[in-house]
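Structural features, examined
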Amino acid sequence: MTVRQNERSSGAARGAALLSACLAAFTAATRAQVVKHPIATDPTRIDSGLVAGAQLSSGVRAYFGIPYAAPPLRALRWTEPQPANSWSGIYNADRKAPECIQNLRQHDINHYFGEEATGEDCLYLNVWVPPKTSEDSHTAQKHPVIVWIYGGGFTIGSSGMAIYDGEGLARKGVVFVSFNYRLGVLGFMAHPELTAESPHKASGNYGFLDQVAALNWIRRNIAAFSGDADNVTIMGQSAGSMSVFSLQASSLTRGLFQRAVGMSGGPGLGPEAASLANGEQLGVRYQKALKAATLAELRQLPADRILAIQNACAAGACGDAFLARPIVDGYFLSQAALEVFKAGRQRDVPLLVGFTHDESWNELLTARTREQFRDISLRLYGDRSEEFLRLYAPSDDRAVKGVAADAVRDGGMASAMRAWGRAQRGTGKSRVYMYVYSHVHPYAPGITFSDLDPATAGAYHSSEIPFFLETLDALNLFRPTRAWRDDDRRLADEMSDCIVKFAWTGDPATAQVPWPPYEPTDERIVEFGDSIRVATLDTARMNFMSSAHTQFSVGAPALQRRAD
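Residues numbered from 1 in each chain as written. Predicted model: local features only at pLDDT ≥ 70, side-chain atom pairs only at ≥ 80, totals over all residues. Heavy atoms only, no water.

Side note on the sheet that holds strand β1 (residues 44-46)
Short version of the rule: By this definition, two strands are paired if DSSP reports at least two bridges between them. Secondary structure elements follow DSSP: runs of H or I no shorter than four residues count as helices, runs of E no shorter than two count as strands, and numbering proceeds from the N terminus. Axis angles are defined between N-to-C directions and span 0 to 180 degrees, where every axis is a line fitted to C-alpha atoms and, for a helix, only to the segment in contact.
The strand order β1-β2-β5 describes an open sheet built from 3 strands, whose pairing is mixed. Each of the sheet's edge strands pairs with one partner strand only, and the pair in question is β1 and β5 (90-92). Shown here is a sheet whose adjacent strand axes are inclined to one another by a mean of 40°, direction ignored. Across 3 bridges, the pairing between strand β2 (residues 49-52) and β5 is parallel.

Considerations on the packing of helix α5 (residues 206-221) against helix α6 (residues 239-249)
Put simply, the rule is: By definition in this entry, angles of less than 35 degrees are roughly parallel, angles greater than 145 are roughly antiparallel, angles of 65 to 115 are roughly perpendicular, and the rest are oblique. Any two residues whose heavy atoms approach within 4.5 Å are treated as being in contact. Classification used: nonpolar for Ala, Val, Leu, Ile, Met, Phe, Trp, Tyr, Cys and Pro, charged for Asp, Glu, Lys and Arg, polar for all others including Gly.
As a packed pair, α5 and α6 sit with axes 11 Å apart at the nearest point and diverge in direction by 70°. Classified by the angle their axes make, α5 and α6 are roughly perpendicular. Residues F208, Q211, V212 and L215 of α5 pack against S243, S246 and L247 of α6. Here the residues of the contact of α5 with α6 are counted per class, giving 4 nonpolar, 3 polar and no charged.

So, the pairing of strand β8 (residues 175-179)
How we decide: Accessible area is worked out with a 1.4 Å probe on protein chains only. A residue is then buried under 20% of its type maximum, exposed over 50%, and partly exposed in between.
Counted residue by residue, β8 has 5 buried out of 5 residues, so it is predominantly covered. Alternating residues of β8 divide into V175, V177 and F179 and F176 and S178, and every residue in both groups is buried. Looking at chain direction, strand β6 (residues 124-129) and β8 are connected through 4 bridges and run antiparallel. The residue bridging L125 from the neighbouring strand is F179, located in β8.

Topic: the layout of surface pockets
We count it as follows: The way it works is a 1 Å grid over only the protein atoms, where trapped points that fit a 1.4 Å probe form a cavity and open points with protein on both sides within 12 Å along at least five of seven lines form a pocket, and then any residue with an atom within 4 Å of a point lines it. Grid points are joined across faces, edges and corners, and a volume is the space filled by probe spheres set on the points.
Size it by volume and the second largest pocket reaches roughly 460 Å³. Along the walls of the second largest pocket sit 21 residues, with A162, D165, D473, A474 and L477 positioned nearest its centre. If you list the elements that add at least two residues to the lining of the second largest pocket, you get α2 (167-171) and α15 (486-505). Broken down by element, the residue count for the lining of the second largest pocket peaks at 3 residues, all from α2. Classifying every residue of the lining of the second largest pocket by side-chain character gives 8 nonpolar, 4 polar and 9 charged.

A word on the sheet that holds strand β7 (residues 143-149)
Paired through their backbone hydrogen bonds, the strands of a sheet run either parallel or antiparallel. If you trace the 11 strands from one edge of the open sheet to the other, you get β3-β4-β6-β8-β7-β9-β10-β13-β15-β16-β17, paired in mixed fashion. For this open sheet the edge positions go to β3 (54-55) and β17 (532-536), each flanked by a neighbour on one side alone. Direction of pairing for β3 relative to strand β4 (residues 61-67): antiparallel, over a ladder of 2 bridges. Counterpart to Q55 in the pairing with β4 is R61.

A look at helix α16 (residues 539-548)
In plain terms, the rule: Throughout, the arc means that of the directions going from the helix axis to the C-beta atoms.
Turning to α16, its buried residues are R541, M542, F544, M545 and A548. The buried residues of α16 occupy one face: seen down the axis, they fall within an arc of 160°. Buried residues in α16 make contact with α11 (370-381), α12 (385-391) and α13 (400-427). Just past α16, the residue H549 takes up positive phi, approximately 55°.

Description of the packing of aromatic side chains
Inclusion rule: Whether two aromatic rings pair depends on their centres lying within 6.5 Å, for rings of Phe, Tyr and Trp, where Trp uses its six-membered ring; planes under 30 degrees apart make the pair stacked, over 60 edge-to-face, and the rest tilted.
Applying the stated criterion across every chain, the model contains 29 aromatic pairs. Aromatic pair Y435 and F468: ring centres 5.1 Å apart, planes at 75°, arrangement edge-to-face. Residue Y435 is found in strand β15 (residues 432-437), and its partner F468 is found in helix α14 (residues 465-468); the two are separated by 33 residues along the sequence. Under the relative-accessibility criterion, Y435 is labelled buried at 0%. Accessibility expressed as a relative area gives 1% for F468, which makes it buried.

Some points on the confidence of the model for the chain
Cut-off, in case you're wondering: Residue-level confidence of the predictor is summarised by pLDDT, bounded by 0 at the bottom and 100 at the top.
Averaged over the chain, the pLDDT score is 91; the fraction of residues at 70 or greater is 90%. Here residues 557-564 is modelled with pLDDT under 50, and outside its nearest four sequence neighbours on either side it reaches 23 contacts, counting other chains as well.

Considering the state of the cysteines
Quick note on the threshold: Defined by distance alone, a disulfide is two cysteine sulfur atoms within 2.5 Å.
Applying the stated criterion to the full structure yields 1 disulfide. A disulfide bridge connects C100 with C122, and the sulfur atoms are separated by 2.0 Å. Measuring the twist about the S-S bond at about 90°, one finds the C100-C122 disulfide to be right-handed. With C100 in the loop between β5 and β6 and C122 in the loop between β5 and β6, this pair connects stretches of sequence that are 22 residues apart. An identical accessibility class is assigned to C100 and C122; each is buried.

Here you go:
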């Protein structure tokens with residue numbers, strides 16, 4: 001075959017480009033394996049061996065990618081996590097581990113923080129240690145520990161995302177830990193054969209059992225990083241917050257944490273907890289969709305094929321979509337979590353919960369006139385619509401948008417987080433604190449996203465994370481998406497101070513932020529907006545919404561309103 005000169009030149013150019021890219025990747029990988037600033041007090045001994053981390057320019061000491069459990073591969077796929085393998089020599093904890101199997105993200109979405117390696121060998125954690133205050137060993141002072149649990153609907157998410165970086169809070173005097181847990185079918189599939197082989201006769205909650213394993217690792221090892229194993233705060237957002245709720249209800253977590261923070265995820269959101277029998281039935285349907293005759297065959301399938309079937313079923317190709325959700329398995333959960341609270345068997349610890357101003361959505365937000373608002377109310381609330389319209393009554397067409405937003409917020413995430421706080425106060429002795437976040441991000445001029453319209457997003461689902469974790473700059477990591485101002489950074493400083501104060505004392509109030517406890521009879525909460533103030537929930541409205549049981553979606557308002 002004859003190759004024309006320009007084709008040969010083009011092929012050579014492509015080859016040179018490929019070689020250059022490979023060399024660049026090799027060079028980058030080589031740099032990643034070199035610790036320029038080792039920690040003087042390393043290696044640090046943990047129960048599986050010696051580890052060494054890296055000293056950051058801030059003085060924070062970071063340890064990335066420490067295994068907290070054995071890789072859940074082959075025969076360990078769909079089993080509860082097993083102890084991490086020990087090693088000889090020194091483990092260089094200098095890079096974050098792959099995220100657990102999941103779909104990768106588009107690069108033009110709002111929260112894009114770079115491509116991550118993906119795999120089943122993903123049960124690793126990261127530790128950020130506060131700067132030393134003296135020349136003594138970094139274990140001389142005990143610091144409170146904050147453990148971050150990421151969200152993502154139990155199907156996506158990673159502890160490696162830049163917005164979850166722990167350096168900011170570690171600078172303020174806490175040990176910050178984040179970890180990966182299994183997701184989707186690999187993390188939450190129950191099956192009769194899995195139940196039969198389990199020593200606890202339970203299956204399906206593998207992602208939650210990973211979380212328990214990480215907390216047990218922290219209990220055993222965090223003192224080596226100056227952390228106080230008797231002062232641990234678990235903190236999560238969205239599915240991470242639902243995880244905190246479930247962990248507070250599980251009998252397996254006794255003594256593993258002393259405080260809890262839930263951000264936009266709690267009772268009544270997402271699919272209800274399944275019975276073990278129902279979970280097993282769904283697992284059998286997935287086995288059929290994967291055309292595997294036995295559990296042994298399921299364990300031999302490549303993970304990308306399992307993910308492909310999960311995606312196909314989510315699109316309606318095999319009946320019911322797979323629901324990654326808690327399962328009442330008799331081991332991790334003896335009852336649905338809210339029932340555990342009602343019985344007073346939850347971990348009775350100080351609790352901080354909250355929501356954002358604009359993260360809930362239903363059809364009411366499409367109304368533009370009072371007549372449209374009334375018609376939609378009749379469809380949504382039926383024979384209770386008149387009661388609803390007495391509580392939410394727009395005075396004219398111009399007021400419809402604001403009243404609809406109030407109703408949707410009250411009936412959506414606000415009701416869920418209020419239910420959690422009231423459940424804790426109903427049977428527990430520990431205090432509850434509540435917030436609403438309403439500050440709108442300042443976007444870079446002309447910026448666009450495929451999943452969010454800056455003009456209508458408001459205080460969207462997860463928009464408070466970079467303020468509580470002091471990670472504002474993560475949103476400008478790959479392209480400038482935010483035009484942060486001094487007042488944004490001041491708000492992040494004050495909000496993160498509240499989290500640190502809560503971790504130290506169980507009370508988030510600071511000199512800058514007076515924060516009264518929430519009580520069912522005194523529904524005061526803190527609003528983090530353009531200013532910080534103490535607000536009060538409208539009890540009549542909230543009581544109506546808690547009994548209305550209307551469907552709301554979460555995280556959707558920016559998408560839905562973009563189409564208006």
